[in-house]
Amino acid sequence: MKTVALLEGATFSLTYNFRLMDVQKELGKWKSEYVKCNTPEELADHKKRFKAFCMSLSPEDKKAFAQAFQDGARQSMDEAQAIVKTVEIRQTLEKVLPFASMSYIAQHYFGRTRQWLYQRINGSAVNGRPANFTADELNTLSLALSELGDIMKDTSRSIARP
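Not measured: the values here are computed from a predicted model.

Calculation notes
Residues numbered from 1 in each chain as written. Predicted model: local features only at pLDDT ≥ 70, side-chain atom pairs only at ≥ 80, totals over all residues. Heavy atoms only, no water. Helix = DSSP H or I, 4+ residues; strand = E, 2+ residues; numbered from the N terminus. Buried < 20%, exposed > 50% of the residue type's maximum accessible area, 1.4 Å probe, protein only. Areas by Shrake-Rupley, 256 points an atom, 1.4 Å probe, with all protein chains shown as cover. Expected span 1.5 Å × (residues − 1). Core = buried A, V, L, I, M, F, W, Y, C linked by side-chain atoms within 4.5 Å. Contact = heavy atoms within 4.5 Å. Phe/Tyr/Trp six-rings, centres within 6.5 Å; stacked < 30°, edge-to-face > 60°. Axes fitted to C-alpha atoms, helices over the stretch in contact; angles between N-to-C directions. Left-handed = near helix turned anticlockwise from the far one by under 90°. Nonpolar A, V, L, I, M, F, W, Y, C, P; charged D, E, K, R; others polar. Arc of directions from axis to C-beta. Parallel < 35°, antiparallel > 145°, perpendicular 65-115°, else oblique.

Chemist: What am I meant to see in the overall build of the protein here?
Modeler: Looking only at helices and strands, the protein has six helices and four strands in total. Reading the secondary structure of the protein in the N-to-C direction produces β-β-α-α-α-α-α-β-β-α. Counting over 162 residues, the protein shows a buried share of 23%. Roughly 11,800 Å² of accessible area belongs to the protein as shown, and the carbon and sulfur atoms make up 56% of that amount.

Below you can see the structure in the form of structure tokens.
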């Protein structure tokens, strides 16, 4: 048990012995509080309290907490990369969305609905998670656009040269 001063003049005793789920829950609580900080003073207070909390942990708990923190950071990076990829795909498709039938592509190339395709194009939440293209789906979409482009070129040539 450690006695920790979190605020000037105020102390209390902490005893922590984390299990993995407790670590995740505690880390989530600290992240949630951090996100709610709106001023530099609130951020400084949060940092001070977080530092005191970390100092109160046993060496084993510090190790577990640090691992959970790293895992969370890695997960956040993966999520950010997925969002960037979705935005890049959306920006690339901006040129063709006005005239290419996403309904046709969804139905003929994926066997799915237009809504399914747009969920992936826009990264919409489906069952609480952002919908993204798999590598195979991106290849299928690329093939679809390429084939439709070829059809348009062939049609254009046949009109220009009857």
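Chemist: Before we go on, may I ask you to explain helix H6 (residues 135-160) in this structure?
Modeler: Structural remark: α-helix, 3.6 residues per turn; residues separated by three or four positions point the same way. An ideal rise of 1.5 Å per residue puts 38 Å on 26 residues; H6 measures up with 37 Å between its terminal C-alpha atoms. What H6 keeps buried is the set Glu137, Leu141, Ala144 and Leu148.

Chemist: Even after reading the chapter, I still don't get the nonpolar core, so can you show me in this structure?
Modeler: Soluble, globular proteins show a tendency: their nonpolar side chains are buried together. One finds Met102, Ile105, Leu117 and Ile121 to be the most contacted residues of the largest nonpolar core, which totals 15 residues. Breaking this core down by element, the ones donating at least two residues are helix H3 (59-93), helix H4 (102-110), helix H5 (114-122) and H6. Looking at this core element by element, the count peaks at four residues for H4. Excluding residues that lie within four positions of it along the chain, Leu117 makes contacts with Met102, Ile105, Ala106, Phe110 and Phe133. Membership of the second largest hydrophobic core comes to seven residues, among which are Trp30, Phe53, Leu57 and Ala68.

Chemist: Could you clarify how one ought to interpret the packing of aromatic side chains in this entry?
Modeler: The geometry of two aromatic rings is summed up by the distance between their centres and the angle between their planes. According to the stated counting rule, one finds seven aromatic pairs in the structure shown. Measuring from centroid to centroid gives 5.2 Å for Trp30 and Phe50, while their planes differ by 70 degrees, and the two rings are edge-to-face. Of the two residues, Trp30 is situated in helix H1 (residues 20-36) and Phe50 in helix H2 (residues 40-56); the sequence distance between them amounts to 20 residues. Taken together, the ring pairs connect Trp30, Phe50, Phe53 and Phe65 into an aromatic cluster.

Chemist: Even after reading the chapter, I still don't get the packing of H4 against H6, so can you show me in this structure?
Modeler: Axis angle and axis distance: for two packed helices, these are the angle between their axes and the distance between the axes, and together they describe the pair. Where H4 contacts H6, the two axes come as close as 10 Å, and the packing angle between them is 115 degrees. Pair H4 / H6 crosses with right-handed handedness. Each of Tyr104, Ile105, Tyr109 and Phe110 in H4 lies in contact with H6, whose residues at this interface are Glu137, Thr140, Leu141, Ala144, Leu145, Glu147 and Leu148. Class assignment for the residues of the contact of H4 with H6 results in eight nonpolar, one polar and two charged.

Chemist: Sorry if this is basic, but what is going on with H5 here?
Modeler: Of the positions making up H5, those classed as buried are Trp116, Leu117, Arg120 and Ile121. Around the axis of H5, the buried residues are gathered within 135 degrees of arc, so they sit on the same side. On its buried face, H5 sits against H3, H4 and H6. Where H5 ends, the next residue or the one after it, Gly123, has phi of about 65 degrees, a positive value.

Chemist: I tried to follow the packing of H4 against H5 on my own but got confused; where do I start?
Modeler: The geometry of H4 relative to H5 is characterised by a closest axis approach of 8 Å and an angle of 100 degrees between their N-to-C directions. Comparing their axes, H5 and H4 come out roughly perpendicular. Contact residues: Met102, Ser103, Ile105, Ala106 and Phe110 in H4; Arg114, Trp116, Leu117, Tyr118 and Ile121 in H5. Of the residues that constitute the contact of H4 with H5, the class distribution is eight nonpolar, one polar and one charged.

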